[in-house]
Amino acid sequence: MFTKENAQTILKENNQEHVLKYFDLLSENEKDVFLRQIENINWSDIKMIGSDSAGERGKFSVPPAISVDEINASKNKYEKAGIESIKKGEVAAVLLAGGMGTRLGFDLPKGCFNVGLTKKLYIFECLINNLMDVVKQTGTFVPLYIMTSEKNDETTRSFFAEHDYFGYDKNYIQFFIQDMACAVDYHGKLLLEEKGRLATSPNGNGGWFTSMVKAGLDSDLKKRGVKWINIFAVDNVLQRIADPVFIGATILGNFESASKVVRKVEPHEKMGLLCLEDNKPSIVEYYEMSKEMAEAKADDGSLLYKYGVILNYLFSVDKLIDIVNNQLTVHVVEKKIPFIDENGEKINPETPNGYKFELLVLDMIHMMDNNLAFEVVREKEFAPIKNLHGTDSVDSARELLQKNNVAL
């Protein structure tokens, strides 16, 4: 059992004794919760401050890819292989849904946001409807694992139950909570969110598989015979999930991972680009690309580096299990972190005041031996909701949903 004395020892070793300032004011239950938080601090994260966790980038080259035209030419073959794999129970999906709707002016989980105009149509509902298309096509429910966060887990579970899982078989849905990472100020001191709670945040979109394993769901994958996991983000209401054509192309091409991508609309569009880095699959962010790389042309006149990722990936479970114990790169990110000051007053900073620590799925891609860039039609599969209005917004997503005959 982790006690107050244990906490005092480990905090003193790491020069963080201030954390226990209000400990004796807490209830017994609050003390237990707080001690569990302290016990689970990842001290190696905090030691990353001041280091360049990303390191130097390698030599970039063009990744293996299939275009929309090439996919359509072999669609029947790919689809058949994908359907066969789904029917065997080899495919599962993971929804990354740990975020809140803060940027939408919404204080519930982002997936609970209503995008409907004349009726209720929630983001979660859009995604389940898309997955139900595959269920109807294959006659098979795909196991769906929903990653929540400490902040939205209870609300998310209740929301799905309240809406009868939007018609999905609840026996195929499981929830798990993403690991949290502590936040620190610029001096590396742990911040308190309140008197009995460390300031924490979800540990980035690359933490999804380690969080699954921590929740014991790796044994569930094994029991079900799952060989492939399709991970996808909550905010793209048009994306196709467990897409048989995508799965079949990956299997028949002997790839151990694949990425759905869209073609850039112009050379300097702000999106991560799929490429090879030192002959390993990799994602280079738009701000890391030189002007020459961004504007380089292929023989057919199209952009050489043209495929932007949309956070819809397919991974071999065997490979995930193989790499799960390898240390993913920890990214130290400046953020605005609400905290209580030395007087116990709540502060909501208007500018960044410290660091959070994140694992990114792009680093998982780089740990794969190969990865297929699978092009999809942007207008049919890419309607991200990042903002309330403007680019990648509720407004633009509604417009695209209507163009795809989704009743709002």
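Structure: see above.
Residues numbered from 1 in each chain as written. Predicted model: local features only at pLDDT ≥ 70, side-chain atom pairs only at ≥ 80, totals over all residues. Heavy atoms only, no water.

(A) View of the overall build of the chain. If you tally the helices and strands in the chain, you get 15 helices and 20 strands. Relative to the 2.2 N^0.38 estimate, which gives 22 Å for 408 residues, the radius of gyration of the chain is 22 Å and therefore close to what a compact globule would have. For the chain, the C-alpha atoms occupy an extent of roughly 70 × 50 × 45 Å along the three principal directions. Across the 408 residues of the chain, 54% fall into the buried class. Nonlocal contacts in the chain, meaning residues at least 24 apart in sequence, comprise 75% of its contacts between residues at least 6 apart. Of the accessible surface of the chain, which amounts to about 19400 Å², a share of 47% is contributed by carbon and sulfur atoms. Side chains of the chain carry 48 positive and 60 negative charges; the gap between the two charge centres is 4 Å. (Helix = DSSP H or I, 4+ residues; strand = E, 2+ residues; numbered from the N terminus. Rg over C-alpha atoms; globule rule 2.2 N^0.38 Å. Buried < 20%, exposed > 50% of the residue type's maximum accessible area, 1.4 Å probe, protein only. Contact = heavy atoms within 4.5 Å. Areas by Shrake-Rupley, 256 points an atom, 1.4 Å probe, with all protein chains shown as cover. Lys, Arg positive; Asp, Glu negative; His and termini not counted. Charge placed at Lys NZ, Arg CZ, Asp CG, Glu CD.)

(B) A look at the sheet that holds strand β19 (residues 354-358). The three strands are arranged β7-β19-β16 in an open sheet whose pairing can be described as antiparallel. Whereas interior strands pair on both sides, the edge strands pair on one side only; in this sheet they are β7 (184-185) and β16 (331-335). Judged from the five bridges that link them, β16 and β19 form a sheet pairing that is antiparallel. Residue pairing across strands places V332 opposite F357, the latter belonging to β19. (Pairing = 2+ DSSP bridges.)

(C) Highlighting the pattern of salt bridges. Per the counting criterion, the structure on display carries 23 salt bridges. R240 serves as the salt-bridge partner of D133, at 2.4 Å between the closest nitrogen and oxygen. Taken together, the positions of D133 in helix α6 (residues 123-138) and R240 in the loop between β11 (228-233) and α10 (244-252) put the pair 107 residues apart, joining distant regions of the chain. We classify D133 as partly exposed; its relative accessible area is 35%. Its salt-bridge partner being E295, residue K291 comes within 3.1 Å of it at the nearest N-O pair. (Salt bridge = Lys/Arg side-chain N within 4 Å of Asp/Glu carboxyl O.)

(D) Representation of unusual backbone geometry. One non-glycine residue, N254, lies in the positive phi region at around 60°. With respect to the helices, strands and loops of the structure, N254 is situated in the loop between α10 and β12 (257-263). Its relative accessible area of 65% is what places N254 among the exposed residues.

(E) The arrangement of the pairing of β11 in detail. Counting buried positions along β11 gives six out of six residues, so the element sits mostly inside the fold. Side chains W228, N230 and F232 of β11 all project onto a buried face; the interleaved residues I229, I231 and A233 project onto the opposite face, where all are buried too. Sheet analysis places strand β3 (residues 91-96) next to β11, joined by six bridges and oriented parallel. Counted as the bridge partner of V91 is W228 from β11. Here five bridges tie β11 to strand β15 (residues 307-316), and the two strands are oriented antiparallel to one another. Among the inter-strand pairings, W228 is bridged to a residue of β15, identified as S316.

(F) Region of the structure containing the environment of E17. Among the secondary structure elements, E17 is positioned in the loop between α1 (4-13) and α2 (28-39). Under the relative-accessibility criterion, E17 is labelled partly exposed at 40%. Between the C-alpha atoms of E17 and A7, which are ten residues apart in sequence, the distance is 9.0 Å. Non-local contacts of E17, meaning those with residues more than four positions away in its chain, are made with L11 and K12.

(G) Looking closely at the packing of aromatic side chains. Tallied over the entire structure, the rule returns 18 aromatic pairs. On the basis of an interplanar angle of 80° and a centroid distance of 5.2 Å, the ring pair of Y186 and Y355 is categorised as edge-to-face. Placement of Y186 in the loop between β7 and β8 (192-194) and of Y355 in strand β19 is noted, with a sequence separation of 169 residues between them. Of the residues examined, Y186 reaches a relative accessible area of 35% and is grouped as partly exposed. Each residue in the set Y122, F124, F159, F160, Y165, F166 and F175 is aromatic and connected to the rest through ring pairs, giving one cluster. (Phe/Tyr/Trp six-rings, centres within 6.5 Å; stacked < 30°, edge-to-face > 60°.)

(H) Summary view of the packing of helix α5 (residues 75-87) against α10. Two numbers describe how α5 lies on α10: the axes approach to 6 Å, and their chain directions differ by 95°. With respect to α10, the element α5 is oriented roughly perpendicular. Facing K75, K77, Y78, E79, A81, G82, I83, S85 and I86 of α5, the residues of α10 in contact are P244, V245, I247, G248, A249, I251 and L252. (Axes fitted to C-alpha atoms, helices over the stretch in contact; angles between N-to-C directions. Parallel < 35°, antiparallel > 145°, perpendicular 65-115°, else oblique.)

(I) Summary view of the packing of α5 against α6. Two numbers describe how α5 lies on α6: the axes approach to 10 Å, and their chain directions differ by 90°. When the axis of α5 is compared with that of α6, the two are roughly perpendicular. Residues E79, I83, I86 and K87 of α5 touch α6, and the partners they reach there are V134, Q137 and T138. Of the residues in the contact of α5 with α6, the class split is three nonpolar, two polar and two charged. (Nonpolar A, V, L, I, M, F, W, Y, C, P; charged D, E, K, R; others polar.)

(J) Structural view of α5. Spanning 13 residues, α5 covers 18 Å between terminal C-alpha atoms, matching the ideal 18 Å at 1.5 Å per step. The inward-facing, buried residues of α5 contact β2 (65-66), α4 (68-73), β3, α6, β11 and α10. Within two residues after α5, G89 carries a phi angle of roughly 80°, on the positive side. (Expected span 1.5 Å × (residues − 1).)

(K) A look at the side chain of D220. Topologically, D220 is positioned in helix α9 (residues 217-224). Only 2.8 Å separates the side chain of D220 from the side chain of Q174, close enough to count as a polar contact. Residues in contact with D220, not counting those within four places in the same chain, are Y145 and Q174. (Polar contact = N/O pair within 3.5 Å; in protein donor to acceptor, adjacent residues only side chain to side chain.)

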